[in-house]
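One-letter residues, chain by chain:
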Amino acid sequence: MVAFVDGQNLFHAAREAFGYTYPNYDVSALSEQVCTGQGWELIQVRFYTGIPDVDDNPGWHFFWTHKLAAMGRQGVVVYSRPLRYRNRMVTLPDGTQYSFLTGEEKGIDVRIALDVIALAHSREYDVALVMSQDQDLSEVADEVRTIAQEQRRWIKIASAFPQSPASRNRRGVNKTDWISIDREIYDQCLDRRDYHRKPDGS
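Predicted model only: the values in this text are computed from it and were never measured.

A. Unusual backbone geometry, seen in detail. The phi torsion at Arg152 lies on the positive side, around 55 degrees, for a residue other than glycine. Within the fold, Arg152 resides in the loop between α5 (138-151) and β7 (156-162). Of note, Lys175 is a non-glycine position whose phi angle comes to about 70 degrees, a positive value. Within the secondary structure, Lys175 sits in the loop between β7 and β8 (177-181).

Rendered as structure tokens:
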């Protein structure tokens, strides 16, 4: 099994389900736990996220730079892209409009889709575990099934995601097998290192 982890999607699902306020997961441990529960053999973890520019958000830039470096040392294949910024307009309850700058991920779901398909073609896995609820990835499931037919072999694609009674989104990626991650499993896979701190402790 190869795990393809959408870092921001996983964080937002864990925040909604369990109330965590920052990405405190250990993706290697979490992928291993899901594999063990399903009787699969984990051979690789791949992690994808957008990162804010240091000038726009130095705190989160520092956090992600150091967390991704730690993942790399664990053998996780890391893919990151800078966030794209644009102005968004919202209408407040009193009718006035408020404009603010927001960072958005661009190309992360495309990169995940390309890697899932490429590694299926090269026979790198029998099971693709996508840690995401992004429905943009549902077409990938169709493509993986086509590859399985062409190669005359069995390939499964599954979608794993944190879930609790507080979760509003209870759906995995369409056309995949859904695997819910409860709090007990998630809490066994916490990364307790503090990536917010600089080397001088500030």
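B. Geometry of the side chain of Asp6. Structurally, Asp6 is set in strand β1 (residues 2-6). Within the buried core, Asp6 has no salt-bridge partner, and the shortest N-O distance to an opposite charge, that of Arg15, equals 12 Å. There is a polar contact of 3.2 Å between the side chain of Asp6 and the backbone nitrogen of Asn9.

C. Local environment of the environment of Gln133. By the element assignment, Gln133 lies in the loop between β6 (127-131) and α5. Between the C-alpha atom of Gln133 and that of Arg170, which follows or precedes it by 37 residues, the distance is 8.8 Å. Excluding residues that lie within four positions of it along the chain, Gln133 makes contacts with Asn9, Ala13, Phe161, Asn169, Arg170, Arg171, Gly172 and Val173. A distance of 3.1 Å separates a polar side-chain atom of Gln133 from the backbone oxygen of Asn169.

D. Summary view of the pairing of β7. Taken across its seven residues, β7 has six buried, putting it largely inside the fold. As paired elements, β6 and β7 share four bridges and run parallel to each other. What sits directly across from Val127, in β7, is Lys156. Crossover handedness for the path β6 to α5 to β7: right-handed. Both β7 and β8 contribute to a ladder of five bridges, which runs parallel. Of the residues in β8, the one forming a bridge with Ala158 is Asp177.

Reading guide: rules and limits
- Residues numbered from 1 in each chain as written.
- Predicted model: local features only at pLDDT ≥ 70, side-chain atom pairs only at ≥ 80, totals over all residues.
- Heavy atoms only, no water.
- Helix = DSSP H or I, 4+ residues; strand = E, 2+ residues; numbered from the N terminus.
- Buried < 20%, exposed > 50% of the residue type's maximum accessible area, 1.4 Å probe, protein only.
- Lys, Arg positive; Asp, Glu negative; His and termini not counted.
- Salt bridge = Lys/Arg side-chain N within 4 Å of Asp/Glu carboxyl O.
- Polar contact = N/O pair within 3.5 Å; in protein donor to acceptor, adjacent residues only side chain to side chain.
- Contact = heavy atoms within 4.5 Å.
- Pairing = 2+ DSSP bridges.
- Right-handed = clockwise from strand over helix to strand, strands pointing away.

From the geometry alone we can't say anything about function, so treat these as descriptive.
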